[in-house]
Amino acid sequence: PEHFATQLDMYYVKPLYVAVLQGTVMLGANPITAIMSLSLLSGLLINVLIFHWLRSVTTTVTAAALVILFAITARLIDLSRIPTPDNFSALFVLAGIYLLLVKKWLIPAIAVLCASVLIRTNNMVFVGLVLTYLLWSRYHLTGNFKDTQFKVAAAGLIISVSAYLITNSLF
């Protein structure tokens, strides 16, 4: 019990992960089942997203083979069986990049990437780099700070950095 209690503090810096789990428990799920189900569901959704993404650029058979290879090499099967936020975090990062690169939906992509920081604060490194690149590329392309996409990317960077700093200062 003492070892378990010492591990609980590390979940305070994962407020969105904890909130989703609490919501699942409030809906009647067993806490252990909720944790395991979230991990498994996230792993499955990662595979579905990658399959969908690959299928748009290759054949269905090739996409399926690559997803199977990815799932094995990325150890998604193992990660789906253990109670960690890793799959949930990876799903949000991957979904954000998919929305940004494939769908070209800037606002939903930035929202998902910002949310990933609330799942794992160390996602801030990746999210910060992506949003900084977006800022630089929009300014380089338009030469204008008043460009709408520049403002959206700047707002995303401010929100993600604020979420990171607030979460870390509170916990």
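See the structure shown above.
This report concerns the structure included in the present document. (Residues numbered from 1 in each chain as written. Predicted model: local features only at pLDDT ≥ 70, side-chain atom pairs only at ≥ 80, totals over all residues. Heavy atoms only, no water.)

1. A look at the nonpolar core
So, point 1. Among the nonpolar cores identified, the biggest contains 23 residues, and L100, L106, I110, V130 and L134 are the most heavily contacted of them.
So, point 2. Going through the elements one at a time, α6 (86–103), α7 (106–119), α8 (124–142) and α9 (148–170) are the ones with two or more residues in this core.
So, point 3. Tallying contributions element by element places α7 first for this core, with seven residues.
So, point 4. If we ignore the near neighbours within four places in the chain, the residues touching V130 are I97, L100 and L113. (Core = buried A, V, L, I, M, F, W, Y, C linked by side-chain atoms within 4.5 Å. Buried < 20%, exposed > 50% of the residue type's maximum accessible area, 1.4 Å probe, protein only. Helix = DSSP H or I, 4+ residues; strand = E, 2+ residues; numbered from the N terminus. Contact = heavy atoms within 4.5 Å.)

2. Overview of the packing of aromatic side chains
So, point 1. Evaluated as defined, the whole model comprises eight aromatic pairs.
So, point 2. When the centroid spacing of 6.1 Å and the interplanar angle of 40 degrees are considered together, the rings of Y133 and W136 count as tilted. Of this pair, Y133 and W136 are both found in helix α8, three residues apart, which corresponds to roughly one turn of the helix.
So, point 3. Y133 sits in the exposed class, given a relative accessible area of 51%.
So, point 4. With a centroid separation of 4.5 Å and 20 degrees between ring planes, the pair formed by Y139 and F145 is classed as stacked.
So, point 5. Under the relative-accessibility criterion, F145 is labelled exposed at 53%.
So, point 6. One aromatic cluster is present, built from ring pairs that chain together Y17, F88 and F92. (Phe/Tyr/Trp six-rings, centres within 6.5 Å; stacked < 30°, edge-to-face > 60°.)

3. Some remarks on the pattern of salt bridges
So, point 1. On inspection of all chains with the given rule, the structure shows two salt bridges.
So, point 2. For R120, the salt bridge goes to D86, with nearest N and O atoms at 2.2 Å. Residue R120 is found in the loop between α7 and α8, and its partner D86 is found in helix α6; the two are separated by 34 residues along the sequence.
So, point 3. Residue classification places D86 among the partly exposed positions, given a relative accessible area of 26%. (Salt bridge = Lys/Arg side-chain N within 4 Å of Asp/Glu carboxyl O.)

4. Topic: the environment of K14
So, point 1. In this structure, K14 sits in the loop between α1 (2–7) and α2 (15–26).
So, point 2. The class of K14 is buried, set by a relative accessible area of 10%.
So, point 3. For the pair formed by K14 and R120, sequence separation is 106 residues and the distance between their alpha carbons is 5.3 Å.
So, point 4. Here K14 is in contact with P85, L118, I119 and R120, once residues within four sequence places are set aside.

Spatial relationships are all this shows, so hold off on functional conclusions.
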